[in-house]
Amino acid sequence: MLNKLTFLVGARYGISRRHSQLVSFISSLSIASLVIGVALLVLVMSIMNGFDRELRERILGIMPQATIYQRYGIEEPQPLIDELEAHPQVLAAAPFVQLQGLLAHQKRVSPVNLFGIDPAQEARLSSLKEYLPEQGFEQLSQSSQGILIGRGIADTLQVEPGDSVSLIIPRTGGGNPTPNIRMLTVLAIFDSGTEIDHGLALMGLEAASSLSEFPGTVTGIRLQVNDLFSAPSVVRQLVNALPPGFYGSDWTRTQGNLYEAIHMSKNLVEMLLFLIIAIAAFNLVSTLIMVVVDKQGDIAILRTLGASTGEIIGIFMVQGGLIGLIGTALGVAVGVLLSLCVTDAVQWLERLLNVRFLESDVYPISYLPSDLQWSDVAQIAVTALIISFFAALYPAWRASRVQPAEALRYE
């Protein structure tokens, strides 16, 4: 079926513009459709991979990946930390105090998820230091009345480093309805570009513990694991090995809805864009059918010269494959170029128009990420070529059914 003749004639048909204007137009349209479908699929998959990467590296680099709690607080955290770090899948552990409260400045109020941390230990397993000024963690370790807040909270309260804010922590037990109120100084503002900036604040471990329901204790132990997806099983193993009263949580409970939403969107968009490639392949069917109609005389002459049915099929399979190869190659090139430039292009457009397309109080992050993965590009390219191959089967079979006597009767 495939030999030198089929490749030569098929390639000549594929790149030739000596068809009717309508056939040439539809041929160009089918290539353009394939280019657009492949390019969009590469671009959107890169953006979805970017959101996935930012979730793992930014949000889960700041928020706990896994945590171990004790119902009434942990009085001596260091022995427990040593025991937890002995687990082969635990990379690091650090104590924390978690409180829910309000920050107030003048007449403005913002809810806050407050974490008390030991800056020296927290730096081993948190990426938050990357989004703070150079001396941010050091200032927190030296001040018992200092607090670090996210950019979203700072914008809501309209405060800057050095301003004073009121921290209000409601009491949950003891029959005393009076909340804990503490005046704190904003030491620094972190800007991770994620939704975390609108709700997270940090203060020293001892200062936060004094405001908690059980002063002198820590709420739990934060863990960093070597594999994010093994966090649930690691937590179960650790809790089962600890005495009664301990329990655990992991990121699939605290941030899992966001992760699932990103992956569901990725799968849906992938399916929709593959349908775009399939539609482009149907355009390829139309193109080849019209070429068959336009070239019936040529096909008949080839048959009278001794071309077999298989060679006629091969000619049109080569032509369809050539169109698919050109469209896929151009689509991959355009998609890769867009994926590499989309983040900078969107940021430039935001500066030019003075608008923000993504706000971190609505979306997980405040910019459009892109993570080009060549495995996805290869999968898209192979799929497009396979669809193009199957799309060429029917027109090639129709071409092989052309009868020389009928086609040449009126020539």
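Everything discussed here concerns the structure shown above.
The structure displayed is predicted, hence computed values, not measured ones. Within each chain, residue numbers correspond to sequence positions counted from 1 in written order. Given that this is a predicted model, residues contribute local features only at a pLDDT of at least 70 and side-chain atom pairs are listed and counted only at 80 or more, while totals for whole chains, interfaces and linings are drawn from all residues. The basis for every side-chain value is the complete set of non-hydrogen atoms in the structure, without hydrogens or water.

Asker: Is there a simple way to explain a nonpolar patch on the surface in this structure?
Answerer: On the surface, a nonpolar cluster with roughly 510 Å² of combined accessible area is contributed by Met264, Leu268, Met271, Leu272 and Leu275. Comment: elements are numbered from the N terminus, with helices defined as DSSP H or I runs of at least four residues and strands as E runs of at least two. Mapping Leu275 onto the fold places it in helix α10 (residues 256-294). Distance thresholds for patches are 9 Å for like charges and 5 Å for nonpolar side chains (Val, Leu, Ile, Met, Phe, Trp, Tyr), applied to residues having over 30% relative accessible area and no salt bridge. Here, Shrake-Rupley sampling with a 1.4 Å probe gives the accessible areas, and only protein chains in the shown set may cover a residue. Here, a salt bridge means any Lys or Arg side-chain nitrogen found within 4 Å of an Asp or Glu carboxyl oxygen.

Asker: Could you clarify how one ought to interpret the environment of Glu350 in this entry?
Answerer: Along the chain, Glu350 falls in helix α12 (residues 309-353). Separated by 17 residues in sequence, Glu350 and Tyr367 have C-alpha atoms that sit 9.8 Å apart.

Asker: I'm lost on helix α13 (residues 374-391) in this one. Help?
Answerer: Residues separated by three or four positions in an α-helix point in the same direction, a consequence of the helix having 3.6 residues per turn. Expected span of a helix, by definition, is 1.5 Å for each gap between consecutive residues, and there is one gap fewer than residues. In this model, α13 (18 residues) spans 25 Å end to end at C-alpha, consistent with the 26 Å of a helix rising 1.5 Å per residue. Listing the buried residues of α13 in full gives Asp376, Val377, Ile380, Ala381, Ala384, Ser388 and Ala391. The buried residues of α13 all sit within an arc of 130 degrees when viewed along its axis, so they share a single face. Here the term buried applies to any residue with accessible area under 20% of the maximum for its type, exposed to any over 50%, and partly exposed to those in between, with areas from a 1.4 Å probe on protein chains only. Arc definition: directions from the helix axis to the C-beta atoms.

Asker: What is the right way to read the packing of helix α11 (residues 296-304) against α12 from this model?
Answerer: Any two packed helices are characterised by how steeply their axes cross, that is the angle between the axes, and by the distance between the axes. Think of each axis as a best-fit line through the C-alpha atoms, taken over the contacting stretch in the case of a helix, with angles from 0 to 180 degrees between the N-to-C directions. Their axes nearest at 10 Å, the elements α11 and α12 cross at an angle of 140 degrees. Where α11 crosses over α12, the handedness of that crossing is right-handed. In contact with Ile299, Leu302 and Arg303 of α11, α12 contributes Thr309, Ile312, Ile315 and Phe316. Counted by class, the contact of α11 with α12 contains 5 nonpolar, 1 polar and 1 charged residues. Helix crossings are classified by the rotation of the near helix relative to the far one: an anticlockwise turn of less than a right angle makes the crossing left-handed, while a clockwise turn makes it right-handed. Two residues form a contact once any of their heavy atoms are found within 4.5 Å. Gly counts as polar in this scheme, as do all residues outside two lists: the nonpolar Ala, Val, Leu, Ile, Met, Phe, Trp, Tyr, Cys and Pro, and the charged Asp, Glu, Lys and Arg.

Asker: I would appreciate a short explanation of the packing of aromatic side chains in the present structure.
Answerer: Aromatic ring pairs are reported here in terms of the distance separating the ring centres and the angle at which the planes meet. Stacked, tilted and edge-to-face pairs are distinguished by plane angle, under 30 degrees for stacked and over 60 for edge-to-face with tilted covering the rest, among Phe, Tyr and Trp rings (Trp via its six-membered ring) whose centres lie within 6.5 Å. Under the counting rule described, the total for this entry stands at 6 aromatic pairs. A centroid spacing of 5.3 Å and a plane angle of 20 degrees characterise the contact between Tyr69 and Tyr247, whose relative ring orientation is stacked. Of this pair, Tyr69 sits in strand β1 (residues 66-74) while Tyr247 sits in strand β9 (residues 246-250), and the two are 178 residues apart along the sequence. Ring centres of Tyr72 and Phe214 lie 5.8 Å apart, and the angle between their planes is 85 degrees; this geometry places the pair in the edge-to-face category. Of the two residues, Tyr72 is situated in strand β1 and Phe214 in the loop between α7 (205-211) and β8 (218-225); the sequence distance between them amounts to 142 residues. Residue Tyr72 is classed as exposed on the basis of its relative accessible area, which comes to 55%.

Asker: Would you explain the pairing of strand β7 (residues 200-204) in this entry?
Answerer: The side chains of a regular strand alternate, residue by residue, between the two faces of the sheet. Of all 5 residues making up β7, 5 are buried, and the element is well covered by its neighbours. Across 5 bridges, strand β3 (residues 108-117) lies against β7 in parallel orientation. Paired with Leu114 across the bridge in β7 is Ala201. Should DSSP find at least two bridges between two strands, the strands are regarded as paired. Inspection of the sheet shows strand β4 (residues 146-150) paired to β7 by 2 bridges, in the antiparallel sense. Note on β7: the bridge partner recorded for Ile149 is Ala201.

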